[in-house]
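Below, each chain spelled out in residue letters.
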Amino acid sequence: MALASIELNLDDKESIKNAARTAASGMLQYYTGYKPGDVPGNLPDPYYWWEAGAMFGALVEYWYYTGDSQWNDITTQALLHQTGPSANYMPANQSRTLGNDDQAFWGLAAMSAAEVKYPDPPEDSPQWLALAQAVFNTQVPRWDDATCGGGLKWQIFTFNSGYNYKNTISNGCFFNLASRLAVYTGNNTYAEWAEKTWDWVFTIGLASPDYHFYDGTDDLKNCSALNHIQWSYNAGIFLLGAANMYHHTNESEVWKTRLERIIKGLDVFFPKNNIMSEVSCEPNGKCNVDQRSFKAYLARWMAATVQIAPFTYDLLMPKLRASAEAAALQCNGPNNACGLRWNQNDTYDGSTGVGEQMAALEIFQGHLVNTASKRVTSDTGGTSKGDPNAGTGTSDEDSVGMGRDAITTADRAGAGVLTAVIVMCAVGGAYAMIF
């Protein structure tokens, strides 16, 4: 007999809030960083640092949508503790697994905090907008014209596995952050970088003419071969970036068309009854820890897109609604734990963790988008202080406390963790068979 699932009435604001609170509470049972002797902002194994940044980004959005501030203290503590000595989200203890996408997910959390007027940090601490700018400014010099005509590499340091991989999520995060900074600050330089990144991704083939976003490519082969696997968060990161560019360009037809085509391309992640699925790994049960969280980000960015580009409401809300109703039925594990496969109806699939809980949280709280106050800019009520020079003047090596001479042979041999590349190869064949 199935356990009781989360009660969710998407026409009742309080019901949505209750469901979001239940999912968030389940997510935070895995976090111990606020306890004495633990490290604020870190999740325990097997979770990587980037997913903690994504989780606190979800909690920023939770406060924005619900007004519930019960987790604000641990969220602010984490977002400030992990900024690193140069206040650019490059903490020294993460250098062995620090990719451009990892850093960016923390920067995107800070960007969200500025946009939703999340309570500002103390004056003597780094500020949300300045942190987002610092992440952007540290990534600009990493734009690599030496191979493939540009683009960002996955990894920041040469000794980490994946340094020669130019992946879509790293470039998508850069595009997303640049577009949002353009909207918030009004500085068109950010928009120019967003345009440049968009053009490169399509030119190199990481995005197809019919707006499907692939995983990445090898710059040792001058990006002549692509890994064609598709992940939901790659499409999502470009979705929200395009929505911001549409807004920044005064609702230009160019960006409207691009946004519509991205939304059409999202159909691959809604294979049945408009229910979201991580199609490259859910059907075969191969989703790893990272991939179990990807639906959270697509859900988050879909909801934000509805607000920023209102014409997308009728295109996106049916997918969000069907997915939320299905997710609620899947949240019937012990203590309302949420499973991964929402299309399993009320049969709990036994898979639960930070990613599963975060995905349910985001798909629930996104339905409050029409009742939430509008996201702000520096001209429309934003209070977060920026610094256009944040993150400049310090090398990547110095940011994490190691000069170039400190990189040893042991570092090169032992550093880095192969994550997505191995899994992509393993499930790529299955994906091709499915689609």
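The paragraphs below set out a description of the structure included in this document. Everything numeric in this text was worked out from a predicted model, so none of it was measured.

The description of an aromatic ring pair rests on the distance of the ring centres and on the angle between the ring planes. Under the defined criterion, the tally for this structure stands at 39 aromatic pairs. Between phenylalanine 105 and tyrosine 233, the ring centres sit 6.4 Å apart and the planes meet at 25 degrees, which makes this aromatic pair stacked. With a gap of 128 residues between them, phenylalanine 105 in helix α4 (residues 100–115) and tyrosine 233 in helix α8 (residues 232–248) connect regions that are remote in the sequence. Each ring, one from tyrosine 297 and one from tryptophan 301, has its centre 6.0 Å from the other, and the planes form 40 degrees; the classification is tilted. Remark: tryptophan 301 and tyrosine 297 occur in helix α10 (residues 294–308); sequence separation between them is four residues, near one turn of the helix. The rings of Trp50, Phe105, Trp231, Tyr233, Phe294, Tyr297 and Trp301 are connected pair by pair, giving a single aromatic cluster. Just above the ring of tyrosine 163 sits the side chain of lysine 153; from NZ or CZ to the centre is 4.2 Å. The side chain of lysine 319 reaches across the aromatic face of phenylalanine 270, ending 5.6 Å from its centre.

If you check helix α6 (residues 168–185), its first and last C-alpha atoms are 25 Å apart, about what 18 residues at 1.5 Å a residue would give, namely 26 Å. Most of α6 is tucked away, with 17 of its 18 residues classed as buried. Of the residues trailing α6, glycine 186 is marked for its positive phi of about 80 degrees.

Leaving glycine aside, a negative phi is the common case for residues, and trans is the common case for peptide bonds. The residue after aspartate 45, namely proline 46, is reached through a cis peptide bond having omega 15 degrees. Here proline 46 shows up in the loop between α1 (13–28) and α2 (49–66). Phi angles above zero are rare outside glycine, and cysteine 223 is one such case at about 60 degrees. Take cysteine 223: it is sitting in the loop between β2 (216–218) and β3 (226–227). The exposure class assigned to cysteine 223 is buried, which follows from its relative accessible area of 6%. For asparagine 250, which is not glycine, the phi torsion reads 60 degrees and is therefore positive.

Let us now look at the packing of helix α5 (residues 128–139) against α6. Running from N to C, α5 and α6 point in directions that differ by 135 degrees, and their axes come no closer than 10 Å. Of the possible angle classes, the one that applies to α5 and α6 is oblique. Where α5 crosses over α6, the two elements pack in a sense that is left-handed. Contacts between α5 and α6 involve Leu129, Ala132, Gln133, Val135, Phe136 and Gln139 from the first element and Phe174, Leu177, Ala178, Leu181, Tyr184 and Thr185 from the second. Residues belonging to the contact of α5 with α6 are distributed by class as follows: nine nonpolar, three polar and no charged.

The subject of this paragraph is the state of the cysteines. With the rule as written, the count across this model stands at three disulfides. One disulfide bridge connects cysteine 148 with cysteine 223, the sulfur atoms lying 2.0 Å from each other. Given an S-S torsion of about 85 degrees, the disulfide between cysteine 148 and cysteine 223 has right-handed geometry. Within this pair, whereas cysteine 148 is found in the loop between α5 and β1 (165–167), its partner cysteine 223 is found in the loop between β2 and β3, the two being separated by 75 residues in sequence.

As for its position among the elements, alanine 225 is in the loop between β2 and β3. Taking the C-alpha atoms as reference points, alanine 225 and glycine 205, 20 residues apart in sequence, are found 9.1 Å from one another. Non-local contacts of alanine 225, meaning those with residues more than four positions away in its chain, are made with Gly216, Thr217 and Asp218.

The interhelical angle for the contact between α8 and helix α9 (residues 253–265), taken along N-to-C directions, is 160 degrees, at an axis separation of 9 Å. Comparing the axis directions of α8 and α9 gives the class roughly antiparallel. Judged by the twist between their axes, the crossing of α8 over α9 is left-handed. Across the interface between the two elements, Ala235, Phe238, Leu239, Ala242, Ala243, Met245 and Tyr246 of α8 pack against Trp255, Lys256, Leu259, Ile262 and Ile263 of α9. Along the lines of polarity and charge, the residues of the contact of α8 with α9 split into 11 nonpolar, no polar and one charged.

Going through the model one piece at a time under the given rule, you end up with 15 salt bridges. Across the salt bridge formed by lysine 17 and glutamate 14, the nearest N and O atoms sit 3.8 Å from each other. A residue pair is termed a helical-turn pair when its members lie 3 or 4 positions apart in one helix, as lysine 17 and glutamate 14 do in helix α1 at three residues. Accessibility expressed as a relative area gives 45% for glutamate 14, which makes it partly exposed. Overlapping salt bridges bring together Glu61, Glu115, Arg180 and Arg375 as one network.

Rules of the game
Residues numbered from 1 in each chain as written. Predicted model: local features only at pLDDT ≥ 70, side-chain atom pairs only at ≥ 80, totals over all residues. Heavy atoms only, no water. Phe/Tyr/Trp six-rings, centres within 6.5 Å; stacked < 30°, edge-to-face > 60°. Helix = DSSP H or I, 4+ residues; strand = E, 2+ residues; numbered from the N terminus. Lys NZ or Arg CZ within 6 Å of the ring centre and 35° of its normal. Expected span 1.5 Å × (residues − 1). Buried < 20%, exposed > 50% of the residue type's maximum accessible area, 1.4 Å probe, protein only. Axes fitted to C-alpha atoms, helices over the stretch in contact; angles between N-to-C directions. Parallel < 35°, antiparallel > 145°, perpendicular 65-115°, else oblique. Left-handed = near helix turned anticlockwise from the far one by under 90°. Contact = heavy atoms within 4.5 Å. Nonpolar A, V, L, I, M, F, W, Y, C, P; charged D, E, K, R; others polar. Disulfide = S-S within 2.5 Å. Salt bridge = Lys/Arg side-chain N within 4 Å of Asp/Glu carboxyl O.

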